[in-house]
Amino acid sequence: MGFRVVKTAIAAFAAIMIAHWVGIPSATSAGLLAILGLDTTIKRSVKTVVDRFFASIVGLAVACTLFGLLGFHYWVVPIYILLAFPLIVRASFKGGIVTNAVVVFHVFNAGVISWPVLLTEVELLVIGLGSAMLVNLVYMPNPEEALSKVRSEADQCFSKIFAQFARTLRNPNYLWDGKELIEADKKVAQGLVLAHRSLENQLMKADEFWSVYFYMRKQQLESIQTMAQLVSQVYEQISQAELTAELFDQLERDVRQEHYTGKAAAMLHELEEKFKEMKLPETREEFEVRAAILQLCRELKGYLEMSRRSKAPHHV
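Residues numbered from 1 in each chain as written. Predicted model: local features only at pLDDT ≥ 70, side-chain atom pairs only at ≥ 80, totals over all residues. Heavy atoms only, no water.

### Some words on the environment of Ile42
Reasoning step 1: Its location among the elements puts Ile42 in helix α3 (residues 42–70).
Reasoning step 2: You can call Ile42 buried: its relative accessible area is 9%.
Reasoning step 3: Distance from Ile42 to Val138, taken between C-alpha atoms, is 9.7 Å for residues 96 residues apart in sequence. (Helix = DSSP H or I, 4+ residues; strand = E, 2+ residues; numbered from the N terminus. Buried < 20%, exposed > 50% of the residue type's maximum accessible area, 1.4 Å probe, protein only.)

Rendered as C-alpha cells:
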C-alpha cells in the first residue's frame, strides 16, 4: 500500500467528517472531491485544486443558465457538455472537468436552482478540495534519501564504466558488452524524474541542486558514449594506452566522490604534456591508435570540465 493511498484515505475521511459536522447533505460527495483533488506533488496539488474549483464555478454558471431556460431534462445534459466542456478547456481549467461534472449533476438531481443548493455545492468544493490540499501541504515525503541513493547508484555505474575503459585500453582483445552504459542511463533518467518531483514540492525558494547534478550526469553520459567509441578504436597495445588507462583508474575512484577532486584533471594535463615529448608514430596502425587516444583525452577534458563546474556536495 503506497503512501499516496494513505493520504487519499485521510483526505477523504476528513472531508466527509467536516461536511457531516457542518450539516451538508450527501457528505460523501466531499470525500469524492477530496480524492479528485489529491496529486503527486505540492505544486501540482495546488494547481489541481485551483483548476477543479474554478472549472466547477464556470460549469455551475453554464448549468444554471441552461437548466433555468430549458428545464431539468436528460436531453439538456449533452447540450450542457457540448457547451461547458470546451469553455472550461478554453479557460485553462481542463483538469477540473470531472469535478465540475460532479457538482453540476448534484444540481441536476436537486431539480431546482436556488441559493441554498448552489451554496451547498460551493461548500462541498471548499471542504473536499481544501482537505486534499491541506493533507498534501501538511506532509509530502522527503525525496532527499531517494535522490542520494540514486546518485550513489549512478556514480557506481560511471565508476564501473571507467574501470571497463581502463581494462580495454590495457587489453584491446577484451570484449565489453556495455551493460553499465544502459544501467547508468536508467539511473540518470530516474534521478531527473525525482529531481523534478522535488522541485514541484518546493513552494518557496527552490533548491535546484539535484536537477543541476543529474542534468550534468546526463551530459557526461553523452560524452562517455563518445569515449566508448574512441576506446574501441584502440586495437593495439601501446604505451600511450597504458598511461591513459592509469588516468581512468584515477577517474574510477574520483567519480564516487561528492567533491570535485581535480586529480584526474591534473593527471590529464601531465599526460598531454608527456604525449608532446614522445616520438611521432612510425606506422599507420600506431598513428590511428594514438589519434584515437588523443581524441579520447580531449573528450575526457570536456567531461572533467563539466564536473568542475557542477559537482559539489549537497548539505540538507
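### A few points about the pattern of salt bridges
Reasoning step 1: Overall, the coordinates contain ten salt bridges when judged by the stated rule.
Reasoning step 2: A salt bridge links Asp51 to Lys47, with the shortest nitrogen-to-oxygen separation between them at 2.8 Å. Here the residue Asp51 and the residue Lys47 both occupy positions in helix α3, the gap between them amounting to four residues, near one helical turn.
Reasoning step 3: Overall, Asp51 belongs to the buried group, its relative accessible area being 9%.
Reasoning step 4: Where Asp155 meets Arg151, a salt bridge forms, and the shortest distance between an N and an O atom there is 3.7 Å. (Salt bridge = Lys/Arg side-chain N within 4 Å of Asp/Glu carboxyl O.)

### What to know about the packing of aromatic side chains
Reasoning step 1: Across all of its chains, the model carries 17 aromatic pairs by this definition.
Reasoning step 2: Ring centres 6.3 Å apart and planes at 80 degrees place the aromatic pair Tyr80 and Phe85 in the edge-to-face group.
Reasoning step 3: Residue classification places Tyr80 among the buried positions, given a relative accessible area of 1%.
Reasoning step 4: Among the aromatic side chains, those forming a connected cluster through ring pairs are Phe162, Phe165, Trp176, Phe248 and Tyr303.
Reasoning step 5: Positioned above the aromatic ring of Tyr213, the side-chain terminus of Arg151 is 4.2 Å from the ring centre.
Reasoning step 6: Of note, Arg217 hangs over the ring of Phe158, and the distance from its end group to the ring centre comes to 4.8 Å. (Phe/Tyr/Trp six-rings, centres within 6.5 Å; stacked < 30°, edge-to-face > 60°. Lys NZ or Arg CZ within 6 Å of the ring centre and 35° of its normal.)

### Quick word on the side chain of Thr244
Reasoning step 1: Residue position: Thr244 is located in helix α10 (residues 239–254).
Reasoning step 2: Thr244 sits in the buried class, given a relative accessible area of 0%.
Reasoning step 3: Setting aside residues no more than four positions away along its own chain, Thr244 makes contact with Leu169, Leu271, Phe275, Ile293, Leu296 and Cys297. (Contact = heavy atoms within 4.5 Å.)

### Considering unusual backbone geometry
Reasoning step 1: The phi dihedral of Ser26 is positive, around 55 degrees, even though this residue is not glycine.
Reasoning step 2: Residue position: Ser26 is located in the loop between α1 (3–22) and α2 (28–37).
Reasoning step 3: Here Ser26 falls in the partly exposed class, since its relative accessible area comes to 49%.
Reasoning step 4: We note that Ser92 has phi near 70 degrees; this positive angle belongs to a residue other than glycine.
Reasoning step 5: Mapped onto the elements, Ser92 comes out in the loop between α4 (76–90) and α5 (97–110).

### Some points on the packing of α3 against α4
Reasoning step 1: Taken N-terminus to C-terminus, the directions of α3 and α4 make an angle of 145 degrees; their axes are 10 Å apart at the nearest point. In terms of crossing hand, the pair formed by α3 and α4 is right-handed. For the pair formed by α3 and α4, the contact residues are Ala55, Val58, Gly59, Val62, Ala63, Leu66, Phe67 and Leu70 on the first element and Val76, Ile79, Tyr80, Leu83, Ala84, Leu87 and Ile88 on the second.
Reasoning step 2: Its residues assigned to classes, the contact of α3 with α4 shows 14 nonpolar, one polar and no charged. (Axes fitted to C-alpha atoms, helices over the stretch in contact; angles between N-to-C directions. Left-handed = near helix turned anticlockwise from the far one by under 90°. Nonpolar A, V, L, I, M, F, W, Y, C, P; charged D, E, K, R; others polar.)

In short, geometric facts, not functional conclusions.
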